[in-house]
Amino acid sequence: MKNFTINTIALAIISVISISQVSYGAETEIALNGAELENKAVSGENGVLYPVREICGGIGFDVEWNAGDSSCVISDGERKISFAIGRNEYVIDNRQTETFAAPELINGLSYVPGEFLECLGLDFKTTENGTELISEPKVTLEENKTFIVHKGEPFRVVLEENASTGYVWSVDGDDSVILLDVRTETGGTDGLAMVGAPETKTWIYKCDIPGEYSLEYTYSRPFDGSVEDRAEYKFIVADNMSVE
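My aim in this report is to walk through the structure given alongside it, one point at a time. Being a predicted model, the structure only gives us computed values, none of them experimental.

Rules used in this analysis
- Residues numbered from 1 in each chain as written.
- Predicted model: local features only at pLDDT ≥ 70, side-chain atom pairs only at ≥ 80, totals over all residues.
- Heavy atoms only, no water.
- Helix = DSSP H or I, 4+ residues; strand = E, 2+ residues; numbered from the N terminus.
- Buried < 20%, exposed > 50% of the residue type's maximum accessible area, 1.4 Å probe, protein only.
- Contact = heavy atoms within 4.5 Å.
- Pairing = 2+ DSSP bridges.
- Axes fitted to C-alpha atoms, helices over the stretch in contact; angles between N-to-C directions.
- Salt bridge = Lys/Arg side-chain N within 4 Å of Asp/Glu carboxyl O.

**Re the overall build of the chain**
Tallying secondary structure elements over the chain gives three helices and 21 strands in all. Taking all 244 residues of the chain together, 35% fall into the buried category. Intrachain contacts of the chain at a sequence separation of at least 6 include 52% that bridge at least 24 residues.

**Considering the sheet that holds strand E5 (residues 62–66)**
Here we have five strands laid out as an open sheet, ordered E5-E6-E7-E8-E9, and antiparallel in their pairing. Looking at which strands have only one partner, the edges of the open sheet turn out to be E5 and strand E9 (95–97). Averaged over all pairs of adjacent strands, the angle between their axes in this sheet comes to 20°, without regard to strand direction. In the sheet, strand E6 (residues 71–75) pairs with strand E7 (residues 80–84) via five bridges, with the strands oriented antiparallel. Each residue of the ladder has a partner; that of Cys72, found in E7, is Phe83.

**Points about the pairing of E7**
The hairpin formed by E6 and E7 contains four residues between the paired strands, and Gly77 there has a positive phi angle of roughly 95°. Strand direction decides the pairing type here: E7 and strand E8 (residues 90–92), joined by two bridges, are antiparallel. The partner of Ile81 across the bridge, within E8, is Ile92.

**Observations concerning the pattern of salt bridges**
Using the criterion set out here, one finds 13 salt bridges in the structure. Close ionic contact of Arg183 with Glu136 constitutes a salt bridge, the shortest N to O distance being 3.7 Å. Highlighted residues: Arg183 in strand E18 (residues 177–186) and Glu136 in the loop between strand E13 (130–135) and strand E14 (139–140), separated in sequence by 47 residues.

**Side note on unusual backbone geometry**
Positioned with a positive phi, Asn33 is a non-glycine residue whose angle comes to about 50°. A positive phi angle, near 50°, is found at Asn107, a position not held by glycine. Residue class for Asn107 comes out exposed when judged on its relative accessible area of 77%.

Take a look at the structure:
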């Protein structure tokens, strides 16, 4: 009888482990603004989940865990978000929403759905290696101004382009300036693209090496070399986060 009881307990433990492995199946690599993260995204019952502490900490949020009620508070001085494990009730800036899947605790870490990260300004880009998360840039470069950006901080250039004219923007810059993403938005009535309508194009960059840099844009037609416009954007990459 004693051996039967022990075997039953052992089988129960194995079953729990097996269920856990089934519940959280495929893992995918995550990179945040070009830097690979230690923890991976996991596939849960309600979609893909992401490690909240490593990601939110990487974009300047403080993460406080309360073991008493398995809750978490995320804040950056301007925004405050709280949630509890297993409950799809998120309080975002004093407003409650239930539109996201519930956060889960996996291997001692809090994991949240992608929709939660999107409300923090993170954009998702699928790559060959997994998922690239890109935080919303706080700095938009302008001509005739020199901006200061912090090392590793995303920044952007926004220009209008009309490919129907044959003219497109090309850019020259230092190899230390890393292109994270290019986004294109097409205007039109009711969100529908109009033939021949201009597009708003956004280039998102980062640079990990302090120094002075510039990005030189040329608006030209590749097939005949005609140049219609040029634009230069200057910026300084600062190592000290206290630099203003």
